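# Secondary and tertiary structure notes
Single-letter residue listing:
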Amino acid sequence: MSNRVAVIGVGMTKFMRRAQEAPGELAAQAVRMALEDAGLDIDDIDAVTLGTAPDAFDGIHMKGEHLIAGAGGSNKPYMRHFIGGATGVMSPIHGWMHVASGKYNSCMVVAEEKMSPCTPHPAGAFLTIFDRVTEQPLELTLIHIFALEMARFMHVYGYSERDLAEVSAMIKRNALHHPAAQIAMDLSADDILKSPLLSWPVKRLDISPTSDAAVAIVMVNERMARALKKAPVFIEGVGFRLETAYWCARDLCYPDYVAMAAKDAYRMAGIVDPVRDIDFFEPYDPFDYKALHHLNALLLDKTGRTVRNLFDSGSLSREGSHPMCPSGGALGVGNPIAATGLMKIAELYFQLSGQAGKRQLQRPLRRGVAQAWGDLMQAGTVVVMGAEGAPPVTSSRWNDMTREDLPGTPIKSVDDVPGISDAPDLRYAWDNGFAISTYLDGLKKGKIRGSLDTRTNRMMVPARPFSEIADLAPVTNYFDLPDSGVVKTFTISHVNWDSSPLPKGTVNIFAVIALDGINEDMGLVHKLGDIDPKDVKIGMRVKAVWKPQSKRTGGILDIEYFAPLGRKKANLGMTQIKPVEVDVLAMSQKQGKIPLSYRYTAGVGGGKFYSDLAKGKISGTYAAARDEVIIPPAMFDEESLSILDPEKDARAINPGSGFIRSFTVVYEDRQGRQLDKEKVVVQVEFPGVTGSIFGMLEVKNDEDFEEGSPVTLVKPKKVNGPDMVTFRLSSRQVVSSF
Amino acid sequence: MGVAVLGMGICGFTPTSTGLSYREMIAKAAKMAYRDAGVTVDRIDGAVSAEEDFPSGYSIADEYVPDQLGMVRKPVYTIPGDFMHAVASAAMQIETGRFDILVVESYSKASNILTKDEMVRFAFDPVFNRFGLSPHWLAGLELNSFLSETGYTIEEVAEVVVKNRGAAVANSNAPYGDNFSVDDVIGSRPVSLPLTELMCAGYADGAVIAVLGTDQAAHRYAKKPAYISGIGWGSGTSILERRDHSLSIGTAIAADRAYKESGVIDPAREIDAFFVSDTYAHRQLMHMEALGVGDNHDQAVNPDGGVLGGGDLFEATGGARLYAAFSQLRGEAGRCQVNAERVLVHAWRGVPSDSCVVAILDKARRVL
């Protein structure tokens, strides 16, 4: 059976809107701090696992690979895990697997997020989380899907906008004493209600901010925890569940998947009644309603009465019987997605070991639960942690930690520090396959097409070729369906997909519409039109307004919008149809791209490198732990995970003393197109220092070079990225004179 | 507790796959795997997928995992790593004692990505290493370092291509088989010299599914399981400036763990066939060195044609290697069949990483 797994140390950076540090530098600072907190060296760590959310934030494909060094994973077993916004609480679960399996004694668990490189706004990264055929053309973003869920939640459970504003105010207040907090504020519900309306019912202060940060925790087996004489906090239960990606096909008011994950965790922890057996709660709160929405599920109460009573009686406050988000949550501390989840795990550790300082709950604590959520209203991760009832730690540095004590360098603008811009050209043509090609063929003909899952008697929209809930049973009967239905939920949006405001006086109304004549839970998302926004109601009947046949292309925008049906009667007939025949013309592709660009800070190490380069200089950084000068300049030493200062620990290197370590002659550009003239990339080493610099080699006609050839750095005319790093061959005399 | 592969399924591998959505491709492979494993969907406790965001074109690829596996509402998460990383993660999960049967999934729709080089380039550090050049530059530089540090010749590297692409001629799942000479390979179009076009694997589409379970589950359900006796993973540093480009530390770390777990002391004698990443030809030789075997052995290496013959499937690549190894252990490798009781499966994530997995699989459970 599983080994018991304990958390014995935590590290974190400040949570910041924009950090100067590069992603790896953020991670390294959190890891260094976690090691010191646990009283360990990186050599004591057997394995590293890292959680981080979409690559589209940091702007690095295979971001987990990029973060290896900063996470302490160089030359170790290292693995990244990912489950959208639910990643941060999956992180300790994956760490738990490393140790509970008996495979490793210790595991460093790191969560990093740097959202700020994504321009014009990190929210833009969410356009491409939606189904590319049936949803993305509507230009939805995350705020819209949250607003749809929030409206549905309010409708079903009877919460008002003011109620939810109270939640936001409470959680932001809780953050006042969290050392990492980015926007802790003492606000009233009125302040929240008065903040700009983005997409009804969502106002700006209902939402957590975007953030840069890293958090790390050290997880070890029980034997190691005891040997280190730590007051360990144990993982008592874990659960993680993933719902269908067809989010319009279920009622968004209650997250069953979170409840299922919670049940898994409770079963493992021996919890029978969560209301009685859990002392405090850290539900994921990227939006204020989400805290309650998740708490309903964590208390396994679909009626919502338990949470309603706790809310009405003030029991969710830090002084109450069931404190919710005592950390200050995503709403107050900040929301660097994966790092937020791990921050909540850290809060369980602090509270249960008596290290929460002014946030410490003033009663004996036995158990806490943390939860994260993610993907398309779809993923739930839950961890229960417990203390042994040992006397709390009294001499923890965490008790007195202030924001100034935490690492991390907030900046106002990326233009204040050296940086690099890049706009990747990521283009696709996706095979739609049989079922979706049939669906799109229907739209072109002015029909909404579904397929019938005979095992569950569900008419599925959009048409699908298999039953996702009944043994993947084949689905072969396709139908043209009514194009009318009922509004299940809606939002009135004032913003575009990239968070920019819509022109004044215009709004987009998005709605989830349950189509007529088929199962109530099968719907699609689209826009509403021909209606005054204030007249839109949940439950109103609507009908598709189609583009003229000549303008239809076989896409979801062939429906212009849904308009109120009024007293008109809908045609509720369904007709079985012959699906498309399989040939290369009928099988369609959907063209698309990822429309993002990036502005990266060069980081602390990179900043030093580029400021040197502008002067035609090179410096290394002295790393005391290995007694070596390393290049390029670095903020951390990946071997010892010690933190370095590339300015203070700088060692000048003669830019004319390099020699070629290795090289390659490149014939293709970044797109794989043949270059007019090949280019030479060189790896250049310098005497007496560890590491190298990559750059271009300027080769004049007939110049010979080989490994070992001496080179000198060319002072660049401008400094805006690695392409500017250039060397030229130098005469032997230059080297020997050095 | 032992972990076994109960069954596997694939769909592919082909240069393009018009007519099948990724969902349809995965569902097809899943049904094949479930039948092979002797399990129904409701017997499976959860899933681990191996996916990165940008190859799928979704910002959160993880969202689109559960449906086509029949794993809706089950414990499911994604490992942005190779298929074999996901196998390792699933094996750990089973070893906690809380899960009996899990499914591992990955797929490639490489043909749907119109700017593959641009995407791979986007994996490089924007501050220090992301040049306006083909991302193959790093493989070219590695090859140069490898040749000068180890004494291997470019002809020996080309010989890997000749052998692997040649072997793939006999493999109906491998789209890139053909009969080349060493001169053909060295003389093919330069990409990033000394690396030429034929030394780089082409891309392919396909889905791979493996059903993993406890030994008890294998005994109960599977007709022809294989047994994982050791699995390790490791990563060289992500700081390219301070990485030795002539060797694969990631492989050595992974192998050390896998050998220890399975009690392998002399891999060149104890392992009958090696399925080793050859996404670039020199990487096969580099990996064999790091596995402690080198070129001094008689055992088969990539008898199915490897990645050079079968195609690069991005995250699913190691899954195709596992499928080839699994087929060998079961005597179902057709014209590529060799005698094998114990095989090694190796995976590498491609440039710019040195992240690797090594697994030892046996035809029968051996007691250490």
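Please read these numbers as outputs of a predicted model, since none were measured by experiment.

Turning next to the overall build of chain A. Within chain A one finds 17 helices and 36 strands. Projected onto the principal axes, the alpha-carbon positions of chain A cover approximately 95 × 70 × 50 Å. Split into buried and exposed, the 738 residues of chain A put 61% on the buried side. The contacts in chain A between residues at least 6 apart in sequence include a share of 74% that link residues at least 24 apart.

Turning next to helix α16 (residues 603–614) of chain A. Residue and element names in this part refer to chain A. Between its terminal C-alpha atoms α16 stretches 16 Å, which fits the 16 Å expected from 12 residues at 1.5 Å a residue. Counting buried residues in α16 gives 10 out of 12 residues, a clear majority hidden from the surface. Three or more residues of α16 are buried, namely G603, V604, G605, G606, G607, K608, F609, Y610, D612 and L613. Those residues of α16 that are buried lie in contact with α1 (23–38), β25 (597–601), β26 (618–623) and β30 (650–653). In the stretch just after α16, G616 is the one whose phi turns positive, near 75 degrees.

What follows is about the packing of helix α3 (residues 83–95) of chain B against helix α13 (residues 317–329) of chain B. Helix-helix packing is described using two parameters, namely the angle between the two axes and the distance between the axes. Residue and element names in this part refer to chain B. Close contact between α3 and α13 brings their axes to 6 Å; oriented N to C, the two are set at 75 degrees. In this view, α3 runs roughly perpendicular relative to α13, as classed from their interaxial angle. Touching F83, M84 and V87 of α3 are T317, G318, G319 and L322, all from α13. The residue inventory of the contact of α3 with α13, partitioned by class, reads four nonpolar, three polar and no charged.

Here we take up the pairing of strand β3 (residues 78–81) of chain A. Residue and element names in this part refer to chain A. Burial of β3 is two-sided: the residues Y78 and R80 facing one way and the residues M79 and H81 facing the other way are all buried. Sheet topology note: the strand β2 (residues 47–51)/β3 ladder contains four bridges and is parallel. When the sheet's bridge partners are listed, V48 is paired in β3 with Y78.

Contacts between the two partners involve 94 residues from chain B and, on the opposite side, 105 residues from chain A. Here the side of chain B that touches chain A takes six residues from helix α5 (residues 137–150) of chain B, the largest share from any one element. When the residues that make up the side of chain B that touches chain A are grouped by side-chain class, the tally is 37 nonpolar, 35 polar and 22 charged.

Moving on to the domain arrangement of chain A. All names here are of chain A. Domain parsing of chain A yields domain 1 (5–121 + 159–394), domain 2 (428–593) and domain 3 (602–737). Every contact between the two is made by 14 residues of domain 1 and, on the other side, 11 residues of domain 3. Among the residues making up the side of domain 1 that touches domain 3, the classes are represented as six nonpolar, five polar and three charged.

This brings us to the pairing of strand β2 (residues 46–50) of chain B. Residues and elements named next belong to chain B. Most of β2 sits inside the fold, with five of its five residues counted as buried. Of the two faces of β2, the one holding G46, V48 and A50 and the one holding A47 and S49 are both buried throughout. In the sheet, β2 pairs with strand β4 (residues 101–109) via four bridges, with the strands oriented parallel. Note on β4: the bridge partner recorded for S49 is E105.

So, about the sheet that holds strand β27 (residues 628–631) of chain A. Strand order in the open sheet made by the four strands is β30-β26-β27-β33 (chain A), with mixed pairing throughout. Strand pairing shows two members of the sheet lacking a second neighbour, β30 and β33 (690–691) of chain A, which therefore form its edges.

Here the focus is the packing of helix α9 (residues 256–269) of chain A against helix α11 (residues 288–298) of chain A. Residue and element names in this part refer to chain A. In contact at an axis separation of 8 Å, α9 and α11 are set at 45 degrees when each is read in the N-to-C sense. Compared by their axis directions, α9 and α11 come out oblique. Handedness of the α9/α11 crossing: right-handed. Only H294, A297 and L298 of α11 make contact with α9, whose side of the interface consists of V258, A259 and A262. By residue class, the composition of the contact of α9 with α11 is five nonpolar, one polar and no charged.

Residue and element names in this part refer to chain B. With mixed pairing, the 10 strands of this open sheet are ordered in space as β3-β2-β4-β7-β1-β8-β12-β11-β9-β10. Pairing within the sheet leaves two strands with one partner each, and these edge strands are β3 (76–79) and β10 (300–301). As judged from the three bridges shared by strand β1 (residues 3–14) and strand β8 (residues 226–235), these two strands associate in the antiparallel manner. When the sheet's bridge partners are listed, V5 is paired in β8 with A226. Together, β1, β2, β3, β4, β7 (205–214), β8, β11 (342–348) and β12 (355–362) form the strand contacts of α3, whose direction differs from that of β4 by roughly 165 degrees.

Note that B:S89 resides in helix α3. Spatially, the C-alpha atom of B:S89 lies 9.9 Å from that of B:S49, the residues being 40 residues apart in sequence. The contact partners of B:S89, leaving out residues within four places of it in the chain, are A:M79, B:V48 and B:I79.

Every α-helix carries 3.6 residues per turn, so stepping three or four residues along brings you back to the same face. Taken across its 10 residues, helix α11 (residues 281–290) of chain B has nine buried, putting it largely inside the fold. Among the residues of α11(B), B:A281, B:H282, B:R283, B:Q284, B:L285, B:M286, B:H287, B:M288 and B:A290 are the ones counted as buried.

Scoring rules and cut-offs
Residues numbered from 1 in each chain as written. Chains lettered and ligands numbered in written order. Predicted model: local features only at pLDDT ≥ 70, side-chain atom pairs only at ≥ 80, totals over all residues. Helix = DSSP H or I, 4+ residues; strand = E, 2+ residues; numbered from the N terminus. Buried ≥ 20, exposed ≤ 12 C-beta atoms within 10 Å, placed from the backbone. Contact = placed C-beta atoms within 7 Å. Expected span 1.5 Å × (residues − 1). Axes fitted to C-alpha atoms, helices over the stretch in contact; angles between N-to-C directions. Parallel < 35°, antiparallel > 145°, perpendicular 65-115°, else oblique. Nonpolar A, V, L, I, M, F, W, Y, C, P; charged D, E, K, R; others polar. Pairing = 2+ DSSP bridges. Domains from an automatic or database assignment. Left-handed = near helix turned anticlockwise from the far one by under 90°.

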